[in-house]
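Observations on the model geometry
Read off the chains here:
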Amino acid sequence: MLAKSSTHKLSQTQSRRIADFFIYLILIAGGILMIGPLLWMISTSLKDKTGVFQLPPQWIPNPIHWDAYQRLFHLSQLQTGFMNTIIVSLTVTVIGSFTSCMAAFSFAKLRMPHKNAMFLLLLVGLMIPYPAVMIPQFMMFSTIGWVDSLKPLIIPGLFGNITMIFFLRQYLQGIPDSVVESAKIDGASYWTIFTRIIFPLMRPAVAAQFILWFMGAWNDYLGPLIYLNSPEKQTLQVVIANLSATYATQTDYPLIMGLSFISMLPILIIFLIFQRQIIESVALSGMKN
Amino acid sequence: MESTVKDKAPTDGRRKGRVRDSSLYKKEHRVAFLMILPPVIGFLIFTLFPAAYAVFASFTDWNGIGQMNWVGLRNFQVMLTDNYFWTSLWNTFFMMIGIPIGLILSFILASALSRGLKGTTFFRTIYYIPVISSLAAIAIMWQWAYNGDYGLVNQVLALVGIKGPNWLQNVHTVKPAIVAMTVWKGLGYSMLLYLAAIQSVPQTFYEAAELDGANSWQKFKNITWPMCKPVTFFLVITNIIGGSQLFTEVNIMTPTGGTEFSSATIVWYIWQKAFKNFQMGYASAMSIVLGIIIFIVTALQFYQNRRSDYKLG
């Protein structure tokens, strides 16, 4: 009896091992598919112009050419692109997160007539896609002379982000009302309640939403494409798209790949540092939905 | 003021009436209102007003500079016979075949990760890198990878003896090529949500099923998959919303909308008409059609959310 059960157990661990082996195979194949093109991009950027066309291709260039990155360093358009993107995405997310936090606090914890109606109104905003409003919005900003400046990309974001408000409100609803009530009885002002109690409580959720928004703002393309004409005003994504079109005619692929890689680098670094928080918050927000 | 303490929890209508009169509550109302004011104003100015204006403009011959003349339903009539419109709509629709493919692949990867093998976190991170990467950079990279002679894709295919086409210039391959790219980029996100859903299934469900003699397939069919249904629904909806607004990939990889308009999407065509040809009235009409489609899909999602909320409560 004892022997029988142990052989059964053995075969079970064996079949488990085989299953694990195949699972690793799937995971590794998936991993190669996902990371392969990115490695290829880096590899291309380290070749010289003719090395790119070598057959069969080299994965590790020999010798390694840093030439593309040296030339990128002197591209003033790339520098202004970085600057503009940093200005837009930081301003929008820092101020916009603040307004979003306040609104979420109000929606979740304060009393006000017609609060739910207001919230529903905002939710309608989530259902209207950007392409449906972009033309009148463009004409609006064009009338007040804001086209070809960063303002049309910054100003609307300062008023808050509905998605963020939605998630923070949900997060705050998990915190008992009594926390706010007792602070009120102790005579705390709403500002104190917000800065001393509510904000510290929702900081992890805010951080996650902030990072997601920042990455979204950093990677935005359609908005900047519509509004920005002069090369020195353009944001990074438009700059790399334009430059890549220019250099593609000269088949300068090392430069183009270096350009793409450099433009991705800041977000990649942010992701690798905060990857646990980002991944957890994404999973969480998906579950909530 | 002694009544305020009693009024802390307004439950019935009579009390509510008194609560509204209390100055403490008036102050709370004012503060609450001020706090939600910015997003509400932002919504009115930057979303609701432009949306309403787009509806109005769709009935005019607006060109962005001159006078706007009311033309009634003419834009919508033109749309009916505009081959470019229908082609771009078809292209957009065609590229959505990436949605089921992506969901199946991401579910397989999530199931593989959910066994909790060593290196799970590592793989999860690797799969997620394309998701966070900028679409513009990714599109530029894939444009190069799809190069007919020296691109990565064809070189890999050459290893198994297949001579790949010039993907982005070929009318028949440009859409599948863009689909493959969007699947590649979105896989990590869907996988992550599926992983969270699979891991949230209580272990006792499986134990009970095992006691009843269920095999792996039955456990998958009757427990795992049904438990992942909300996530599937959410992903289908968000992917349809995102997919119907495909623009960046198309504009960067095929700047002219592809050979014979083979890759132009609806948003690309709207953008082209509005900002290149300055037919803003016509473009608005198309954007309204797109907006209505997306609005319905999103409303469906909210409706579904409501229902599942009730179930949980």
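Residue indices begin from 1 for each chain and proceed along its sequence in written order. Chain labels run from A onward and ligand labels from 1 onward, assigned in the order the entries are written. The model is predicted, so local features are restricted to residues of pLDDT at least 70 and side-chain atom pairs to those at 80 or more, both for listing and for counting; the totals for chains, interfaces and linings are taken over all residues. No hydrogens and no water enter the side-chain calculation; it runs on all heavy atoms of the structure.

Comments concerning the overall build of chain A
Definition in use: Secondary structure follows DSSP: runs of H or I at least 4 residues long count as helices, runs of E at least 2 residues long count as strands, and numbering of each begins at the N terminus. Between the two quantities, the radius of gyration covers C-alpha atoms and the globule rule is 2.2 Å times the number of residues to the power 0.38.
Helices and strands together make up the secondary structure of chain A, namely 12 helices and zero strands. Along its sequence from the N terminus, chain A presents helices and strands in the succession α-α-α-α-α-α-α-α-α-α-α-α. Here the C-alpha atoms of chain A give a radius of gyration of 26 Å, more than 25% beyond the 19 Å that 2.2 N^0.38 yields for 289 residues. Counting only C-alpha atoms, chain A reaches 85 × 75 × 35 Å along its principal axes.

Comments concerning the domain arrangement of chain A
All names here are of chain A. Operational definition: Domain start and end points were adopted from an automatic or database domain assignment. Contact criterion: two residues are considered in contact whenever any of their non-hydrogen atoms come within 4.5 Å of each other. Summed over both partners, the accessible area lost on bringing two parts together, with a 1.4 Å probe, is the buried area.
Taken domain by domain, chain A comprises domain 1 (2-66) and domain 2 (68-288). A separation of 35 Å is found between the C-alpha centroids of domain 1 and domain 2. Between domain 1 and domain 2, the contact holds 12 residues from the first and 13 residues from the second. Surface buried jointly by domain 1 and domain 2 totals about 1000 Å² across both partners, of which 74% is contributed by carbon and sulfur atoms.

Observations regarding a nonpolar patch on the surface
Threshold: Only residues above 30% relative accessible area that lack a salt bridge enter a patch, with like-charged residues linked at up to 9 Å and the nonpolar side chains Val, Leu, Ile, Met, Phe, Trp and Tyr linked at up to 5 Å. The Shrake-Rupley method, run with a 1.4 Å probe, gives the accessible areas here. Residue values count only the displayed protein chains as cover. Each reported salt bridge corresponds to a side-chain nitrogen of Lys or Arg within 4 Å of a carboxyl oxygen of Asp or Glu. Between buried and exposed lies partly exposed: a residue is buried under 20% and exposed over 50% of the maximum accessible area for its type, with that area taken using a 1.4 Å probe on protein chains only.
A cluster of nonpolar side chains, namely A:Ile26, B:Ile97, B:Ile101, B:Ile104, B:Leu105 and B:Ile108, defines an oily patch on the protein surface of about 490 Å² accessible area. It is helix H6 (residues 98-113) of chain B that provides the largest number of residues to the nonpolar patch, a total of four residues. Its place among the elements puts B:Ile97 in the loop between helix H5 (83-94) and H6. Judged by relative accessible area, B:Ile97 falls into the partly exposed class, the value being 42%.

Description of the side chain of B:Ser106
Residues and elements named next belong to chain B. Let me state the cut-off plainly: Any pair of N or O atoms that falls within 3.5 Å is considered a polar contact. Within protein, one atom must be able to donate a hydrogen and the other to accept it, and sequence-neighbouring residues count only if both atoms are side-chain atoms.
Relative to the elements of secondary structure, Ser-106 occurs in helix H6. According to the relative accessible area criterion, Ser-106 is buried, its value standing at 0%. Polar side-chain contacts of Ser-106 include one of 2.8 Å to the backbone oxygen of Gly-102. Among residues more than four places away in sequence, those in contact with Ser-106 are Leu-187, Ser-190, Met-191 and Tyr-194.

Observations regarding the interface of chain B and chain A
Counting residues at the interface gives 94 residues for chain B, matched by 94 residues for chain A. Overall, the association of chain B and chain A removes approximately 8500 Å² of surface from exposure, summing both partners, and the carbon and sulfur fraction of that is 79%. Sorting the residues of chain B by area buried against chain A places B:Met35, B:Phe46 and B:Trp144 first, and these three jointly supply 10% of that buried surface. The interface formed by chain B and chain A holds three salt bridges in total.

A look at the nonpolar core
Burial of nonpolar side chains together is a common tendency in soluble globular proteins. Note the cut-off: Think of a nonpolar core as a cluster: buried Ala, Val, Leu, Ile, Met, Phe, Trp, Tyr and Cys residues, connected wherever their side-chain atoms sit within 4.5 Å.
Counting 174 residues, the largest nonpolar core has A:Leu38, A:Ile135, B:Tyr127, B:Trp142, B:Trp271 and B:Phe275 as its most contacted members. Not counting residues up to four positions away in its chain, the partners in contact with A:Ile135 are B:Trp62, B:Ile270, B:Ala274, B:Phe275, B:Met280, B:Ala283 and B:Ser284.

Examining the UniProt feature "transmembrane region" (unreviewed entry) in chain A
All names here are of chain A. Just so we agree on the cut-off: UniProt positions are given in the numbering used here, feature names are shortened, and annotations may be inferred rather than shown by experiment.
The positions UniProt marks with the feature "transmembrane region" (unreviewed entry) are residues 21-42, 82-107, 119-141, 153-172, 193-215 and 253-274. Summarising residues 119-141: 91% helix, 0% strand, and an end-to-end C-alpha distance of 27 Å. Taken end to end, residues 153-172 is 85% helix and 0% strand, and its first and last C-alpha atoms sit 29 Å apart.

Notes on the side chain of A:Thr85
Position of A:Thr85 relative to the elements: it lies in helix H3 (residues 76-109). With relative accessibility at 3%, the residue A:Thr85 sits in the buried group.

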